[in-house]
Amino acid sequence: MKFSFAKQRRGKLYGGYVLFFVLFCLLTYGVYWLFGYSLISTHDVLHQHVPIMIEYRKILLSWLHHLSAGPLQWSWHIGLGADAFQTFSYYIIGDPFAYLILLLNKAHLLTGFQLIGLVRMFFAGLSFTYFASHFSLKRWAIWLGAMVYLGSGFAIYASLFQPFFVNALILLPLLITAIEAVLQGRSAWGFGFVVYFSVVVNFYLAFMLALGGITYLILRWIELPHPLARQRWFNFGRMLCSGVLGLLATAWLTLPEIKALQSSPRFDVPFASGMHFYSLQYYLSLPNALLGNVNVDPFWLNTLSVNVLLLVVVWTFRHYRDYKLIVRLMVLTMVLSLLPMFAATLNGFTSPSNRWLFLMSLPMALMTGVFLQQLKTMTLNDWVPIFKWAAVILVLILISTQIIADSTSTVLPQLFFLMVYAGVFVVGIVRPQLLKPQVLSALVMANIFVAFNFENAAYDIHQFLPNGAARALISQPYGTATTAVATQPTWAEQNGTKISKYAPTFARTSNVSNYVTASAGITPNNFLLNGANTSSFYSIQNGAAIQFSRDLLNNQRQLNLPIQQFDDRGRVLNFLGVRNLYANSPLPSDTNMPHNYVPTFGETPDLNQSFYGANGDVQAYQTTDNFPLMYFQSRVISNQTYKQLDANEKETNLANVTAVGNTKNLKVTKLQPQSVVIPYKLYDADQNIISTTNIADTNKADTYTLYIPNAKQYQGMEIRALITNVHYTEPTLTDRINIDKLNSPGINGHLSSGSNQTAAHGGWDAFKRDVANGSPNQAWRISMTNGDITNSLSQMPETNLSEYEKTTAGVLNLGWVDQMPNGLSMQLGQVGRYSFDLQLVGIPMTTQYDKQVQRLQKNGLKELRLGHNEITGSVTTKQSGVLASSIPYSAGWHATVNGHTVKLIKTNRAFVGIKLTKPGKHQIKLTYRTPGLTAGIHFTTIVGGLISFLGIAQLGWHLFKRKKD
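This report concerns the structure included in the present document. Every value quoted in this text rests on a predicted model; they were computed, and no experiment measured them.

## Side note on the packing of aromatic side chains
Following the criterion strictly, the structure yields 69 aromatic pairs and no others. Where Tyr-90 meets Tyr-204, the ring centres are 6.5 Å apart and the plane angle is 40°; that geometry is what we call tilted. Taken together, the residues span a long stretch of sequence, with Tyr-90 in the loop between α4 (84–89) and α5 (109–132) and Tyr-204 in helix α10 (residues 203–223) at a distance of 114 residues. Here Tyr-90 and Tyr-204 have matching classes, each one buried. Note on Phe-207 and Phe-349: the rings are 6.2 Å apart at their centroids and 55° apart in plane angle, and the pair reads as tilted. Placement of Phe-207 in helix α10 and of Phe-349 in the loop between α16 (340–346) and α17 (361–373) is noted, with a sequence separation of 142 residues between them. On the basis of relative accessible area, Phe-207 is assigned to the partly exposed category, the value being 29%. The aromatic ring of Tyr-849 is capped on one face by Arg-571, whose charged end is 4.2 Å from the ring centroid. Over the face of the ring belonging to Tyr-642 we find Lys-650, whose NZ or CZ atom lies 5.3 Å from the ring centre.

Shown next, in the form of structure tokens:
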């Protein structure tokens with residue numbers, strides 16, 4: 001196909017696109033609004049994108065009103081505290097559409113967020129329309145191609161769950177157009193601008209866009225006449241220079257991001273999640289991708305939603321000579337889709353995500369328009385070979401999805417539309433009116449309507465919040481309880497207890513682990529609360545937070561959620577400065593409430609006052625053992641000693657000592673065990689004594705019992721299960737099927753009480769079930785139960801592309817016991833062979849611990865002030881020690897003591913600290929500057945000056961040539 005830059009009027013083309021886009025929105029998102037739902041889903045959008053937009057708007061407005069102070073660079077509203085610029089740059093800072101939110105007032109922010117999502121989709125389709133107008137296509141074919149582009153699996157999923165990903169669909173057509181312009185000897189400036197915006201909008205997707213652009217350039221270069229001619233290399237040189245300048249101009253954003261990624265846990269994962277091949281489920285899903293679907297699982301395998309795709313692909317291959325570049329792209333795509341190593345490489349050398357397949361949305365949508373336009377020229381002889389090849393592929397689809405995966409609800413509407421397309425096209429040979437643009441448009445739009453609303457459970461309307469609920473859950477995730485905590489006296493204060501004069505002025509909040517605010521069960525980031533929260537859910541996380549979680553074996557740790565509620569471990573929450581905890585009311589029986597958190601507004605949980613919440617009533621709990629944000633600690637241990645402690649001993653010593661890298665001139669403390677090891681015997685379901693070092697579990701329903709001899713001697717403690725050295729051998733698919741057959745009815749042909757199924761039939765069902773579940777995989781789970789409290793340590797499956805990391809150890813908090821029970825139970829969540837070490841530990845909450853905390857509170861930083869990118873305060877010391885904290889360490893922190901610059905140290909291997917070796921009063925000031933931001937801005941300014949100089953010089957040269965001519 002010829003890519004032409006001939007001048008043309010596009011007014012009618014764009015006007016018609018607007019009408020089609022309105023229809024597209026009515027048939028898709030309009031259904032949600034019709035039933036009173038918003039476009040705010042209960043997971044990423046609720047917990048990431050909306051709060052980020054609201055907070056970023058607040059930061060921008062504050063900056064505009066106080067320009068001399070500079071922008072906020074450190075925020076206490078991001079988990080334990082984090083770099084605001086580095087965190088937000090992944091999502092929003094470079095996104096031009098995000099700034100539209102400044103045009104709206106506070107009352108309409110949620111509506112504005114949804115409208116901005118639609119604006120992105122509009123420009124994605126408009127970008128395709130502009131791109132397609134360079135080919136010999138009629139307007140109606142371009143409009144339908146644009147609808148197909150917007151109806152791709154990637155576009156639909158992104159618009160609903162990752163809205164900023166839609167920007168990639170805007171930039172992709174512009175990138176290819178810019179490359180083509182340079183190849184044809186036109187200006188290279190456009191290419192540089194597209195490179196710049198691709199990177200600043202989202203550096204992650206920019207990597208994929210770059211690979212897509214390079215691939216197109218290579219394949220297109222092969223087709224050029226005289227590819228080695230000097231003019232070709234000259235054009236390539238212009239493109240290279242423009243692209244490099246565009247890339248260098250992004251230094252103001254990319255340099256800080258590179259600094260952030262160096263410590264980000266998302267990039268500290270096994271390549272391709274340790275996989276060499278995908279599961280059988282994935283390979284059986286490949287043929288269905290040719291049918292056309294809106295699915296993005298497994299591994300983000302996505303294509304177009306219109307079910308004419310199979311015919312388009314076969315037709316394109318049949319016309320290879322006319323569309324060599326497209327066919328080569330399709331073949332390359334098929335090859336790259338086969339192995340995880342390819343997906344991982346294209347995903348930035350991390351997890352095996354096939355998000356890069358969005359690049360194929362452009363050529364496939366374009367070829368759909370080409371295919372539909374030429375339908376009137378086709379005869380029955382043209383259709384016969386197409387149907388033959390389509391039938392072969394269709395058989396594979398039927399075998400893989402209908403029989404193996406048993407996905408009838410998805411396949412039937414897809415097959416229906418494929419048959420309708422085929423019928424209309426063939427009958428259209430004798431009745432050409434069926435191939436009119438109006439008929440084809442109606443068919444494509446009906447297909448998109450069904451695909452969007454019925455073909456994928458991922459887009460189930462119940463995953464989206466009603467409009468009113470979205471506002472309540474984001475602004476008040478703990479209901480009105482936070483207002484009560486801030487304004488009302490506690491039950492203890494009402495009964496004469498005075499607040500300690502050493503009580504920390506800064507405190508964080510959290511909630512118990514089973515607190516539920518929405519169907520996802522995760523508390524949103526509390527941007528709109530007055531206090532900081534321990535949990536944060538972002539793709540870019542401070543490596544210090546994950547380091548602390550790893551050291552203490554937090555079983556709730558995830559790469560995007562490094563802290564969460566820290567498994568409700570009381571001493572850790574105290575250390576993190578959590579004063580207020582929130583829980584649902586009435587308190588569920590399986591709530592694992594930390595022992596030293598007591599009802600805030602009542603003598604007992606039953607008498608604790610309840611407050612209104614969007615998802616039910618809420619209770620507040622409070623402690624007086626919360627640590628100050630910064631405090632003087634005279635007792636230290638070396639990092640080497642700290643590493644040798646197990647996770648429970650690290651926790652029990654948080655109030656006792658602080659770990660530092662260099663103990664010179666400091667008082668090193670010799671530690672004594674503060675936890676109690678509880679002996680046990682492990683029995684299987686047949687009452688045989690077994691060992692955890694070799695368990696071949698063939699029945700997930702089996703329960704193992706931990707018998708506690710002399711249980712009565714263990715009183716008043718939190719019970720922990722320390723699980724280490726976990727090795728799990730997953731069964732092969734054959735082994736797993738045999739295991740499932742053992743647990744199926746109809747063994748050996750005998751009838752069972754529930755089914756008259758034969759063993760062969762049971763084996764077949766087991767095969768289908770295991771394949772559909774993605775077996776074999778590395779996922780496993782070890783669960784333990786103490787009364788009503790069940791806790792688990794698990795391995796994320798490889799299909800969890802955002803959170804996968806190898807798990808070999810963890811601590812399970814099994815709750816407080818006044819009296820140790822005689823036994824605990826254990827279950828293994830996946831069949832396979834397990835080997836691990838298990839230790840039961842009791843952690844007493846003694847008066848000695850209370851005294852340790854009170855000592856730290858007394859030594860807390862006085863006159864603490866959290867200013868704009870700074871912390872100030874004072875502390876008086878009588879001996880050498882360290883100023884320890886729960887501020888996540890970052891190279892952006894800089895400190896002065898009494899006006900003199902001092903070197904910061906890491907305390908407990910994760911947090912900001914300062915050595916104080918001389919007694920006396922110390923005025924402390926910590927200042928934060930985003931690492932790399934100043935240097936990046938300076939570099940961008942220099943590059944911007946160079947670009948301006950080159951632009952002026954080129955303009956002058958053209959004016960000189962014109963005057964000379």
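## Section: the pairing of strand β5 (residues 508–511)
As a general feature of sheets, a regular strand has side chains that alternate between the two faces. Taking every second residue as pointing to the same face, both faces of β5 are buried, with Arg-508 and Ser-510 on one and Thr-509 and Asn-511 on the other. Looking at chain direction, β5 and strand β6 (residues 532–533) are connected through 2 bridges and run parallel. When the sheet's bridge partners are listed, Arg-508 is paired in β6 with Ala-532. Relative to strand β7 (residues 578–584), β5 runs parallel, the two being bridged by 4 bridges. Looking across to β7, one finds that Thr-509 is bridged to Asn-580.

## Quick look at the side chain of Glu-651
With respect to the secondary-structure elements, Glu-651 resides in helix α27 (residues 647–652). By relative accessible area, which is 1% here, Glu-651 ends up buried. Here Glu-651 is in contact with Leu-552, Arg-569, Gly-570, Arg-571, Val-572, Arg-720 and Ile-843, once residues within four sequence places are set aside.

## A look at the pattern of salt bridges
For the coordinates displayed, the defined rule picks out 11 salt bridges. Of the charged contacts, one joins Arg-220 and Glu-180 as a salt bridge, the two residues approaching to 2.8 Å between their closest N and O atoms. Of this pair, Arg-220 sits in helix α10 while Glu-180 sits in helix α8 (residues 166–183), placing them 40 residues apart in sequence. One exposure class covers both Arg-220 and Glu-180, and it is buried. Where Arg-550 meets Glu-805, a salt bridge forms, and the shortest distance between an N and an O atom there is 3.0 Å. Of this pair, Arg-550 sits in helix α24 (residues 543–551) while Glu-805 sits in the loop between β20 (789–795) and β21 (810–819), and the two are 255 residues apart along the sequence. Given the relative accessible area of 8%, Glu-805 is considered buried. Each of Arg-569, Glu-651, Glu-718 and Arg-720 takes part in salt bridges that share partners, so that together they form one network.

## Description of the nonpolar core
Nonpolar side chains in soluble globular proteins generally cluster together in the buried interior. By size, the foremost hydrophobic cluster in this structure holds 176 residues, and its most contacted members are Phe-358, Phe-371 and Phe-425. Top contributing element to this core by residue count: α8, with 13 residues. Ignoring anything within four residues of it in the chain, the contact list for Phe-425 reads Val-308, Leu-311, Phe-371, Leu-372, Leu-375, Trp-383, Leu-435 and Leu-440. Core analysis: the next-biggest nonpolar cluster, separate from the first, contains 50 residues, Val-485, Ala-583, Val-618 and Ala-884 among them.

## Focus on a nonpolar patch on the surface
Together, Leu-380, Val-384, Val-427, Ile-429 and Val-430 make up a nonpolar patch on the protein surface, roughly 410 Å² of accessible area in all. Along the polypeptide, Leu-380 turns up in helix α18 (residues 380–405).

## Here's the deal with the environment of Tyr-612
As for its placement among the helices and strands, Tyr-612 is situated in the loop between β8 (598–599) and β9 (618–622). Expressed as a C-alpha distance, the spacing of Tyr-612 and Asn-555, which sit 57 residues apart in the sequence, is 31 Å. Not counting residues within four places of it along the chain, the set of residues in contact with Tyr-612 comprises Gly-479, Thr-480 and Asp-617.

## Some points on the pairing of strand β27 (residues 893–897)
Alternating residues of β27 divide into Trp-893, Ala-895 and Val-897, all buried, and His-894 and Thr-896, none buried. The pairing of β27 with strand β31 (residues 920–928) spans 5 bridges and is classified as antiparallel. Among the inter-strand pairings, Trp-893 is bridged to a residue of β31, identified as Tyr-928. Bridge count between β27 and strand β28 (residues 900–902): 3 bridges; the pairing is antiparallel. Bridge pairing links Val-897 to His-900 in β28.

## Digging into helix α14 (residues 309–318)
Structurally, the α-helix is built with 3.6 residues per turn, so residues lying three or four positions apart point the same way. The element α14 is extensively covered by neighbouring structure, given that 8 of its 10 residues are classed as buried. Restricting attention to buried positions, one finds in α14 the residues Leu-309, Leu-310, Leu-311, Val-312, Val-313, Val-314, Trp-315 and Thr-316.

## Regarding unusual backbone geometry
With an omega of 0°, the peptide bond running from Ser-585 to Pro-586 counts as cis. Tracing the chain through its elements places Pro-586 in the loop between β7 and β8. Its identity is not glycine, yet Ser-273 carries a phi of approximately 55°, on the positive side. Within the element layout of this structure, Ser-273 appears in the loop between α12 (251–261) and α13 (280–291). Of note, Gln-564 is a non-glycine position whose phi angle comes to about 50°, a positive value. Here Gln-564 shows up in the loop between α24 and α25 (570–575).

Cut-offs used in this document
- Residues numbered from 1 in each chain as written.
- Predicted model: local features only at pLDDT ≥ 70, side-chain atom pairs only at ≥ 80, totals over all residues.
- Heavy atoms only, no water.
- Phe/Tyr/Trp six-rings, centres within 6.5 Å; stacked < 30°, edge-to-face > 60°.
- Helix = DSSP H or I, 4+ residues; strand = E, 2+ residues; numbered from the N terminus.
- Buried < 20%, exposed > 50% of the residue type's maximum accessible area, 1.4 Å probe, protein only.
- Lys NZ or Arg CZ within 6 Å of the ring centre and 35° of its normal.
- Pairing = 2+ DSSP bridges.
- Contact = heavy atoms within 4.5 Å.
- Salt bridge = Lys/Arg side-chain N within 4 Å of Asp/Glu carboxyl O.
- Core = buried A, V, L, I, M, F, W, Y, C linked by side-chain atoms within 4.5 Å.
- Patch = residues over 30% accessible without salt bridge, like charges linked within 9 Å, V, L, I, M, F, W, Y side chains within 5 Å.
- Areas by Shrake-Rupley, 256 points an atom, 1.4 Å probe, with all protein chains shown as cover.

Remember, this is a structural readout, not a statement about activity or role.
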